[in-house]
Amino acid sequence: MAQIAADCTNAIPICSNTPVNSGTVGYGIDDFNGAAMSGCLEQTVTGFIESNSAWYRFRTGAAGELGFNIGFDTSEDWDFALYRASDCGSLGDPVRCNFFDNQDQEAYMGVGEDPTGSPNTFLYEDWLQVQPGEDYYLLINNFSNSNSGFSIQFSGNIFVTNPFDALDCAIVNNLLGSPIAACDNQNVILDATMPDVVSYTWYMDTGSGFQTIVGETGPTLQALVSALYRVEVITISMNNVISDVQVGFSSAPTTSPVADEIGCSDIGVFDLSLKDAEALGTQDPNEVVVTYHSTMADATAGSNPLQTQYPVNIGSETIFVRTSSVQNPDCFDASEQFNLNIVATAVLSFPDEVFICEASSGILIGETSPDAQFAYSWDTGENNPSIMVTQAGDYTLTATNSQTGQIDCISIRTVTVIVSETPEITEVLVDGLQQNNRVEVITNISGNLEFQLDGGAFQTSNIFNNVAPGAHIVTVNDLGGCGMDTENIVVVGFPKFFTPNGDGANDLWQIIGISTLSNPVVHVFDRYGKLIKQLNQSSLGWDGTFNGTALPSSDYWFKLSYTDASGQTVQAKFINNHFSLRR
């Protein structure tokens, strides 16, 4: 009934879009001579690569980017292979091939770009870059014995640069030409004009066989319905001609009015598919495709469809709407458009955590570079973009851009204010005595602090490694500007106990490392505070006696003093000055 060729040798020449045919049944002969594969296509349940096939051929008439869309029912699964070849005996490997199943129920497959703008389809292959005079054979195949047919629509920039000769129609030898895909609001004139004609007889087949079209005896015929048309031309020379052509009409859609939209910039993207129902009106979404474009020229050409999840920009822009027939995308309406107005939502990026000192007069929080289009309000009742605060707590700012009667675009940000104490060094821990020691600085508070040793670089850790014995300066600084504390420390070591029993082991108690200090003096006391012994850097140590008398086992204490860099005698701080005498 329709122009379908199951074999490559009978491939239907085309030089324009085709109407929807009546579907494929069978594969004729095996066009691949028993081969197991051809590109992405493999043998089917028939034992051959083809199962229900249709073959077409076309020739390029210009250079440029070329593609095509094969449109079909979303419930069906089709494959295709495109061969660049001059005849069926030398097909070679396909230059484009697709066999993915249609589990996502897409309406198109092909080469180039899905006309619906779908970015995730697996049914499309890359554009072809062609030169004039290239011959191509197109195999379209369906596994099912029941299918409702397909149509072919060409696409690509080549049809913009060469709208009338992108494809070479010289390959169409048929008097009536290649299949015709038209819209129901178009006039289709079939022309069979030949010289030396005796008579013309026209026939039409709408599914019940060819019937004579009464009264049509001229060289031209206006096709009014979808059908397979035939003309019989009787010539004086009896070189009679019978020519068939398939004509398919698709309903030209009508785009319904689409309302303007307004939104806030913080949505990020606008879902254009939400406008489909408006544009379609009562039309069936399975028969009409809605696409959106940034210019009227793109909408008219059906090119550069906007992605459905459309990134928004602040301000107003016009979106042009195109409704197209699924059967024939050339049947379209691009008469409607709508304005997408995106209202700015404030971007509040000021710090959401700030510190103030105990003795501070306050700190300014909030938006320090306000925008006049926003109204600012705090949960404290103040209506300024920034406020001065002196107390700890959470403060919330709301910025509103109000389009009266249309939309309120609101942004909210909370600032946590923390009161920070002035840091103090409360203890310094020295881990062991060696050439390289570990010093840990303990403070009265934790948090946003940094630490320094001997005027070096500040660090966030309160631990210093590889510290040499001797006098040092440690500093703690509050990064919030709430002050600092500096202490002089001495890194020395001493035994926690000693045993002066004359065995030569641990008989003397002494402080190790004081040789690095200037004029060090160590005073040893008993538990009652009585001075027992005074040592200097030349002393060998304390032997546990007082005025020659051995003292009993007990706990003893000591103090260390030395001369600092300014010449002042100072007492070492942060030294755990307790040890034991054992007998």
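Criteria and cut-off values
All chains use their own residue numbering, which begins from 1 and follows the written sequence. Given that this is a predicted model, residues contribute local features only at a pLDDT of at least 70 and side-chain atom pairs are listed and counted only at 80 or more, while totals for whole chains, interfaces and linings are drawn from all residues. Calculation of side-chain values draws on the structure's entire complement of heavy atoms; hydrogens and water are dropped beforehand. Runs of E in the DSSP output that reach at least two residues are strands. Runs of H or I that reach at least four are helices, and both are numbered from the N terminus. Based on C-alpha atoms, the radius of gyration is set beside the globule rule, defined as 2.2 Å times the residue count to the power 0.38. Accessible area is worked out with a 1.4 Å probe on protein chains only. A residue is then buried under 20% of its type maximum, exposed over 50%, and partly exposed in between. We call two residues contacting when some pair of their heavy atoms lies within 4.5 Å. Positive charges are assigned to Lys and Arg, negative charges to Asp and Glu, while His and the chain termini are left out of the count. Where a charge sits is defined by one atom per residue type, namely NZ (Lys), CZ (Arg), CG (Asp) or CD (Glu). By the convention used here, strands pair only if DSSP detects at least 2 bridges between them. Every axis in this analysis is a line fitted to C-alpha atoms, fitted for helices over the stretch in contact. Angles between the N-to-C directions lie between 0 and 180 degrees. Site definitions follow a grid-based scheme: protein atoms alone, a 1 Å grid, a 1.4 Å probe that fits but cannot get out for cavities, and for pockets an open set with protein on both sides within 12 Å along at least five of seven lines, plus lining residues having an atom within 4 Å of a point. Grid points are joined across faces, edges and corners, and a volume is the space filled by probe spheres set on the points. The disulfide definition used here is simple: a pair of cysteine sulfur atoms within 2.5 Å. Between the rings of Phe, Tyr and Trp (Trp by its six-membered ring), a pair exists once the centres lie within 6.5 Å; its type follows the angle of the planes, with under 30 degrees stacked, over 60 edge-to-face, and the other angles tilted. Each patch groups residues whose relative accessible area exceeds 30% and which form no salt bridge, using 9 Å between like charges and 5 Å between nonpolar side chains of Val, Leu, Ile, Met, Phe, Trp and Tyr. Values of accessible area rely on a 1.4 Å probe in the Shrake-Rupley scheme; residue burial ignores everything except the protein chains shown. We count a salt bridge whenever a side-chain nitrogen from Lys or Arg sits within 4 Å of a carboxyl oxygen from Asp or Glu. Among buried residues, the Ala, Val, Leu, Ile, Met, Phe, Trp, Tyr and Cys ones that are joined through side-chain atoms within 4.5 Å form a nonpolar core. In protein, a polar contact means a hydrogen-donor-capable atom and an acceptor-capable atom, both N or O and within 3.5 Å, with residues adjacent in sequence counting only if both atoms are side-chain atoms; elsewhere, any N or O pair within 3.5 Å suffices.

A. A look at the overall build of the protein chain. Helices and strands together make up the secondary structure of the protein chain, namely 3 helices and 45 strands. Relative to the compact-globule value of 25 Å for 583 residues, the protein chain shows a C-alpha radius of gyration of 46 Å, a clear excess of over 25%. Across its three principal directions, the C-alpha atoms of the protein chain cover 155 × 65 × 40 Å. Per-residue burial for the protein chain yields a buried fraction of 45% across its 583 residues. Within the protein chain, contacts between residues at least 6 apart in sequence are counted, and of these 62% link residues at least 24 apart. Each charge sign in the protein chain was given a centre, from 17 positive and 68 negative side chains, and these centres are 26 Å apart.

B. Representation of the sheet that holds strand β35 (residues 463–467). Within the open sheet, the 3 strands sit side by side as β32-β33-β35. Their pairing is antiparallel. If you trace the sheet from one side to the other, it starts and ends with β32 (425–431) and β35, each paired once. Strand-to-strand, the axes of this sheet are offset by a mean angle of 20°, without reference to chain direction. Two strands pair when backbone bridges link them, and strand β33 (residues 437–443) and β35 are joined in this way by 3 bridges, in the antiparallel orientation. Paired with V439 across the strands is F464, a residue of β35.

C. Seen up close, the layout of surface pockets. In this model, the largest pocket occupies a volume close to 970 Å³. For the lining of the largest pocket, the secondary-structure elements that each account for two or more residues are β5 (64–72), β12 (150–155), α1 (158–161), β22 (288–293), α3 (296–301) and β24 (315–325).

D. Quick peek at the state of the cysteines. If you walk through the whole model with that rule in mind, you get 6 disulfides. Here C264 is linked by a disulfide to C409, with a sulfur-sulfur distance of 2.1 Å. Judged by the sign of its S-S torsion, about -90°, the cystine formed by C264 and C409 is left-handed. On the criterion of sequence distance, the pair formed by C264 in strand β20 (residues 261–264) and C409 in strand β31 (residues 407–420) is long-range, its members being 145 residues apart.

E. Examining the sheet that holds strand β18 (residues 227–235) more closely. Taken in spatial order, the 5 strands line up as β13-β19-β18-β15-β16 in an open sheet, and their pairing is mixed. This sheet does not close on itself; its edge strands, each paired only once, are β13 (180–183) and β16 (211–212). Bridging between β13 and strand β19 (residues 241–250) involves 4 bridges; their strand directions are parallel. Within the sheet, the bridge partner assigned to I180 lies in β19 and is V247.

F. Inspection of the pairing of strand β6 (residues 78–84) at higher detail. Burial within β6 is extensive, with 6 of its 7 residues counted as buried. Looking at chain direction, β6 and strand β11 (residues 135–142) are connected through 7 bridges and run antiparallel. Across the sheet, W78 pairs through a bridge with N142, a residue of β11. Looking at chain direction, β6 and strand β7 (residues 96–98) are connected through 3 bridges and run antiparallel. Bridge pairing in β7 places L82 opposite R96.

G. Local environment of the packing of aromatic side chains. As enumerated under the stated definition, the model contains 24 aromatic pairs in all. Between F68 and F80, the ring centres sit 5.6 Å apart and the planes meet at 75°, which makes this aromatic pair edge-to-face. Pair noted here: F68 is in strand β5 and F80 is in strand β6, with a separation of 12 residues, a long-range link. Accessibility classification places F68 together with F80 in one group, the buried group. Centroid distance F498 to F579: 6.2 Å. Interplanar angle 50°. Geometry classified as tilted. Of this pair, F498 sits in strand β38 (residues 497–498) while F579 is found in strand β45 (residues 578–581), placing the two residues 81 residues apart along the sequence. Comparing F498 with F579, the two get one shared label, buried. Through successive ring pairs, a cluster of aromatic residues spans F494, F498, W509, W542, Y556, F558 and F579.

H. Fine view of the environment of F338. Among the secondary structure elements, F338 is positioned in strand β25 (residues 332–343). According to the relative accessible area criterion, F338 is buried, its value standing at 1%. C-alpha of F338 to C-alpha of A471: the two residues are 133 residues apart in sequence and 78 Å apart in space. The contact partners of F338, leaving out residues within four places of it in the chain, are V258, A259, D260, E261, L272, K275, Y292, E317, T318, I319 and V321.

I. Highlighting a nonpolar patch on the surface. A contiguous nonpolar surface patch, about 330 Å² in accessible area, is contributed by F99, F100 and F122. Within the element layout of this structure, F122 appears in the loop between β8 (108–111) and β9 (124–125). For F122, a relative accessible area of 54% corresponds to the exposed category.

J. Structural view of the nonpolar core. Of all hydrophobic cores here, the largest spans 36 residues; its most connected members are Y56, F58, F68, I70, I140, F150 and I152. The residues touching F58, leaving out its near neighbours within four places in the chain, are I14, L66, L82, E134, D135, Y136, F154, L167 and I171. Counting residues in each nonpolar core, the second largest holds 22 residues, with I514, V524, F558 and L560 among its members.

K. Highlighting unusual backbone geometry. For N506, which is not glycine, the phi torsion reads 55° and is therefore positive. Summarising the element assignment, N506 is placed in the loop between β38 and β39 (521–525). The phi dihedral of N547 falls on the positive side, at around 55°, and the residue is not glycine. By the element assignment, N547 lies in the loop between β41 (545–546) and β42 (549–550).

L. Here's a closer look at the side chain of N102. Structurally, the position occupied by N102 is in the loop between β7 and β8. Polar contacts involving the side chain of N102 include one to the main-chain carbonyl oxygen of T74, which spans 3.2 Å. Leaving out residues up to four positions away in the same chain, N102 has contacts with F72, D73, T74, E76, D77 and L123.

M. A look at the pattern of salt bridges. This structure, assessed with the given rule, holds 8 salt bridges. Note that R59 is salt-bridged to D135, the shortest N-O span being 2.6 Å. Taken together, the residues span a long stretch of sequence, with R59 in strand β4 (residues 53–59) and D135 in strand β11 at a distance of 76 residues. Under the relative-accessibility criterion, R59 is labelled partly exposed at 25%. By relative accessible area, D135 is classed as buried at 18%. Linking D352 and R413 is a salt bridge whose minimum nitrogen-to-oxygen distance equals 3.9 Å. Of this pair, D352 sits in the loop between β25 and β26 (353–357) while R413 is found in strand β31, placing the two residues 61 residues apart along the sequence. The exposure class assigned to D352 is partly exposed, which follows from its relative accessible area of 41%.

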